[in-house]
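For reference, the chains in residue letters:
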Amino acid sequence: MAAPLRRVCFSLFSGLRRGTGSSGLRWSRQKTLFSRAKGPPGLQARVRPLPLLIATGSGYLGYDQYGRYKDRELQKLGIEVPPRLANELQVTIYKSIPTRLLSRAWGRLNQVDLPTWLRKPIYSLYIWTFGVNMKEAAVEDLQHYRNLGEFFRRKLKPQARPVCDSHCVISPADGKILHFGRVKNCEVEQVKGVTYSLETFLGPYTWAESLAINRNEDDPSSFQDLLVTKEGNELFHCVVYLAPGDYHCFHSPTDWRVAHRRHFPGSLMSVNPGVARWIKELFCHNERVVLSGEWTHGFFSLTAVGATNVGSIRIYFDKELHTNNPRYNKGSYNDLSYVSNNNREGVSMRKGEHLGEFNLGSTIVLLFEAPRDFTFSLTAGQKIHFGEPLGTM
């Protein structure tokens, strides 16, 4: 047995040296492949982009969530933590998502009539998901709403939202109070610690000709000073966020005269409070409709801010307004004056009167002039309903 075994081993060793035999052939082929390849063998492995993308994204999300967890723990200890703002690259990536196209597609889908047998299951799922109170709806029968659009824009029972008569300014919509207070240094807070420029948000001060009140234009020190018309007054703001389950119409917050409309085409990023804490000047990036005019104490404005799936902003008395158009020039805006030779007063609105609607849910920003003793009766993050008071003097 020893002799045959030695012959086999000798033949295998000889085959390896000569590059023959099965083992030698495999080694020869590998050597040939490596000699033809450019670079180290490890780089020749096939790169699979999807698993790599998932792994990288999961790692980043995990790291981000861990950072947010640490922030929450510090806040529980009473330590103030600065907001974690998105950088320019993150904002650019987010804006590259075709949210305007998706919003138009969602709008068309909302207009498709549903079969009668399918309406109740779909609406019931939406009600359960977002906590909708259908007992407040003017029509509680779910089969009455032919499509999702009608359901989103459902009206309320007249007695469901009594309008407060003892306060001069009321909430224009159902929602959550994101922030409120005095405007300082031409900066407005969208949430605590995250601001945006007042001038960028409202646009250039060119609507003065629509207003017949005297303004302090003698060497104003800032854009904010242009908006304050009376001595002893200050500029105030309030931000109301409408969630998907909220009542989607908005109303006049006070008795005032609407003199001018400015429409800013733009992105349709989410205005969820979490995103509002992440992206600086979010409201300035998004499409919005600014209504400006005056009330008994001077300047008053209401801005309807669009969001993802809320490309359609409707103002009832303005039939020329068309939002979420397929094409627009970045940084552009469209102006319309409601003051004309035949209508010198503009559009007069009464407190609580229907003003407009969103397709799903978004944000209302109020900017107004008032005496210094005006005081908000609100807390940040509180739930508020249309008709409830915002503050008093």
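Per chain, residues are indexed from 1 in the order of the written sequence. Only residues with pLDDT of at least 70 get local features here, since the model is predicted, and only at 80 or more are side-chain atom pairs given and counted; chain-wide, interface and lining totals rely on the full set of residues. To get the side-chain values, all heavy atoms of the structure are used, and hydrogens and water are removed first.

A. Region of the structure containing unusual backbone geometry. Here N185, not a glycine, exhibits a phi torsion of approximately 55°, which is positive. Numbered from the N terminus, helices here are DSSP runs of H or I no shorter than four residues, and strands are runs of E no shorter than two. Within the secondary structure layout, N185 lies in the loop between β2 (175–182) and β3 (187–191).

B. Representation of the sheet that holds strand β17 (residues 389–392) in the model. Spatial strand order, β1-β17-β15: 3 strands in an open sheet with antiparallel pairing. Edge positions in the sheet fall to β1 (169–170) and β15 (375–376), since each of these pairs with one other strand and no more. Direction of pairing for β1 relative to β17: antiparallel, over a ladder of 2 bridges. The partner of I170 across the bridge, within β17, is P389. When DSSP finds two or more bridges between a pair of strands, those strands are recorded as paired.

C. Representation of the nonpolar core within the structure. To qualify as a nonpolar core, a set must consist of buried Ala, Val, Leu, Ile, Met, Phe, Trp, Tyr and Cys residues joined through side-chain atoms within 4.5 Å. Classification of residues uses two cut-offs on accessible area relative to the type maximum, computed with a 1.4 Å probe and protein chains only: under 20% is buried, over 50% is exposed, and between them is partly exposed. Ranked by size, the top nonpolar core spans 33 residues in total, and within it F250, W256, L291, I364, F368, F376 and L390 carry the most contacts. Breaking this core down by element, the ones donating at least two residues are β5 (233–241), β7 (256–264), β8 (288–295), β9 (298–305), β10 (313–315), β12 (347–349), β13 (354–358) and β14 (363–371). Two residues qualify as a contact provided that any one of their heavy atoms is within 4.5 Å of a heavy atom in the partner residue. Ignoring sequence-local partners within four residues, the contact set of W256 consists of L291, S292, G293, E294, W295, F300, S301, L302, V347, S348 and M349. Core analysis: the next-biggest nonpolar cluster, separate from the first, contains 30 residues, C186, F201, F264 and C284 among them.

D. Representation of the sheet that holds strand β6 (residues 249–251). Ordered by their spatial adjacency, 3 strands build an open sheet running β6-β13-β10, and the pairing between neighbours is antiparallel. Among the strands making up the open sheet, the edge pair consists of β6 and β10. The average angle at which neighbouring strand axes cross in this sheet is 20°, direction not considered. Axes here refer to lines fitted to C-alpha atoms; in helices the fit is confined to the stretch in contact. Angles between the N-to-C directions go from 0 to 180 degrees.

E. Main features of the packing of aromatic side chains. Stacked, edge-to-face and tilted labels apply to pairs of Phe, Tyr and Trp rings (six-membered ring for Trp) whose centres lie within 6.5 Å, assigned for plane angles under 30 degrees, over 60, and everything in between, in that order. Scanning the model with the defined rule gives 21 aromatic pairs in all. Where F264 meets Y333, the ring centres are 5.5 Å apart and the plane angle is 45°; that geometry is what we call tilted. One end of the pair, F264, is in strand β7; the other, Y333, is in the loop between β10 and β11 (334–337), and 69 residues separate them in sequence. In this structure F264 comes out as buried when scored by relative accessible area, which is 7%. One aromatic cluster is present, formed by F180, F236, W256, W295, F300, F368, F374 and F376 through successive ring pairs. The ring of F151 carries R154 above its face, with NZ or CZ at 5.0 Å from the centroid. Note on geometry: a ring has a charge over it if NZ (lysine) or CZ (arginine) is within 6 Å of the ring centre and within 35 degrees of the ring normal.

F. Region of interest: the pattern of salt bridges. Think of a salt bridge as a Lys or Arg side-chain nitrogen and an Asp or Glu carboxyl oxygen that are within 4 Å of each other. Across all of its chains, the model carries 14 salt bridges by this definition. Between E357 and K155 there is a salt bridge; the shortest N-O distance is 4.0 Å. Of this pair, E357 sits in strand β13 while K155 sits in the loop between α7 (148–152) and β1, and the two are 202 residues apart along the sequence. One salt bridge connects E357 with R314, and the closest N-O pair in it is separated by 3.6 Å. In this pair, E357 sits in strand β13 while R314 sits in strand β10, placing the two residues 43 residues apart along the sequence. Take E357: its relative accessible area is 6%, and that puts it in the buried class. According to the relative accessible area criterion, R314 is partly exposed, its value standing at 40%. Counted as one network, the salt bridges with shared partners bring together R153, K155, R314 and E357.

G. Just helix α6 (residues 116–130), in detail. The end-to-end C-alpha separation of α6 is 22 Å, in line with the 21 Å expected for 15 residues at 1.5 Å each. The complete set of buried residues in α6 reads R119, Y123, Y126 and I127. An end-on view of α6 places all buried positions within 100° of arc, on one side of the element. The exposed set on the far side of α6, more than 90 degrees from its buried face, consists of W117, L125 and W128. Expected span of a helix, by definition, is 1.5 Å for each gap between consecutive residues, and there is one gap fewer than residues. Our arc is simply the arc of the directions from the helix axis toward the C-beta atoms.

H. Up close: the side chain of D246. Counting through the fold element by element, D246 comes out in the loop between β5 and β6. What qualifies as a polar contact is a pair of N or O atoms within 3.5 Å, subject to a donor-acceptor requirement within protein and to the restriction that residues adjacent in sequence count only when both atoms come from side chains. A distance of 2.8 Å separates the side chain of D246 from the backbone nitrogen of A243, its partner in a polar contact. A polar side-chain atom of D246 sits 2.5 Å from a polar atom in the side chain of K383. With residues near it in sequence (within four places) discarded, D246 still touches R154, D174, G175, Y241 and K383.

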